[in-house]
Amino acid sequence: MTNEATKTENGTAVGGSDLEAVVMPLAVTVAESGDVEREHHDGFDFPGGYDFTTVNNFVHHQDTAFEELQWMCLGMATEIGKLRKRLDTAKAAMERSEGPFYEGMKALNGEEA
């Protein structure tokens, strides 16, 4: 990725030979530990990550608006969907490569083969 980019008013970076359009946070809130707690995009706040502590702090923060909770839930649902697809792909690959072993593991877990 090249470093030649121009940040526009809405936080989108454009320019550079291989940089199409990258959305960058306009501002972040950082905890004492150095972890990003909140990202601020286009007037809305988002949690800095999806670990329990960060999300819990975001949900219970006095300045968190209902719409921001909706955005967070939709973002988490999207991430969960991506993870499920990756898990399904990994399971399918494992079944193809180690069929008999995988069937034995399913039997140990109480699943039907």
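Residues numbered from 1 in each chain as written. Predicted model: local features only at pLDDT ≥ 70, side-chain atom pairs only at ≥ 80, totals over all residues. Heavy atoms only, no water.

Section: the side chain of R38
Stage number 1. Note on placement: R38 falls in strand β5 (residues 36-41).
Stage number 2. Exposure remark for R38: the relative accessible area of 6% places this residue in the buried category.
Stage number 3. Each residue touching R38, except ones within four places of it in the same chain, is listed here: A27, V28, T29, D45, F46, G48, F58, H61, D63, T64 and E68. (Helix = DSSP H or I, 4+ residues; strand = E, 2+ residues; numbered from the N terminus. Buried < 20%, exposed > 50% of the residue type's maximum accessible area, 1.4 Å probe, protein only. Contact = heavy atoms within 4.5 Å.)

Focus: the packing of helix α1 (residues 52-60) against helix α2 (residues 66-97)
Stage number 1. Close contact between α1 and α2 brings their axes to 10 Å; oriented N to C, the two are set at 155°. Here α2 runs roughly antiparallel to α1, going by the angle between their axes. Between α1 and α2 lies a crossing whose hand is left-handed. Across the interface between the two elements, V55, F58 and V59 of α1 pack against E68, L69, M72 and M76 of α2.
Stage number 2. In terms of residue class, the contact of α1 with α2 is built from 6 nonpolar, no polar and 1 charged. (Axes fitted to C-alpha atoms, helices over the stretch in contact; angles between N-to-C directions. Parallel < 35°, antiparallel > 145°, perpendicular 65-115°, else oblique. Left-handed = near helix turned anticlockwise from the far one by under 90°. Nonpolar A, V, L, I, M, F, W, Y, C, P; charged D, E, K, R; others polar.)

Quick look at α1
Along an α-helix, a turn takes 3.6 residues, which lines up residues three or four apart on a common side.
Stage number 1. When α1 is considered as a whole, its buried residues turn out to be T54, V55 and F58. With its buried residues spanning 95° around the axis, α1 presents them on a single face. Residues of α1 that are exposed and point over 90 degrees away from its buried face: F52 and H60.
Stage number 2. Buried residues along α1 sit against β5, β6 (44-47) and α2. (Arc of directions from axis to C-beta.)

Concerning the confidence of the model for the chain
Stage number 1. On average, the chain scores 75 in pLDDT, and the residues at 70 or more come to 65%.
Stage number 2. Looking over the chain, one finds the lowest element-wise mean pLDDT in strand β1 (residues 6-7), namely 43, and the highest in α1, namely 89.
Stage number 3. Across residues 1-20, confidence stays below pLDDT 50; counting only partners more than four residues off in sequence or on other chains, it has 35 contacts. (pLDDT = per-residue confidence, 0-100.)

Let's talk about the sheet that holds strand β4 (residues 27-30)
Stage number 1. Pairing is antiparallel across the open sheet formed by 3 strands, whose spatial order is β4-β5-β6. Pairing within the sheet leaves two strands with one partner each, and these edge strands are β4 and β6. Neighbour-to-neighbour, the strand axes of the sheet open up by a mean angle of 25°, direction not taken into account.
Stage number 2. Looking at chain direction, β4 and β5 are connected through 4 bridges and run antiparallel. Paired with T29 across the strands is R38, a residue of β5.
Stage number 3. Across the sheet, α2 lies against β5 and β6, angled at about 45° from β6, the strand it touches most. (Pairing = 2+ DSSP bridges.)

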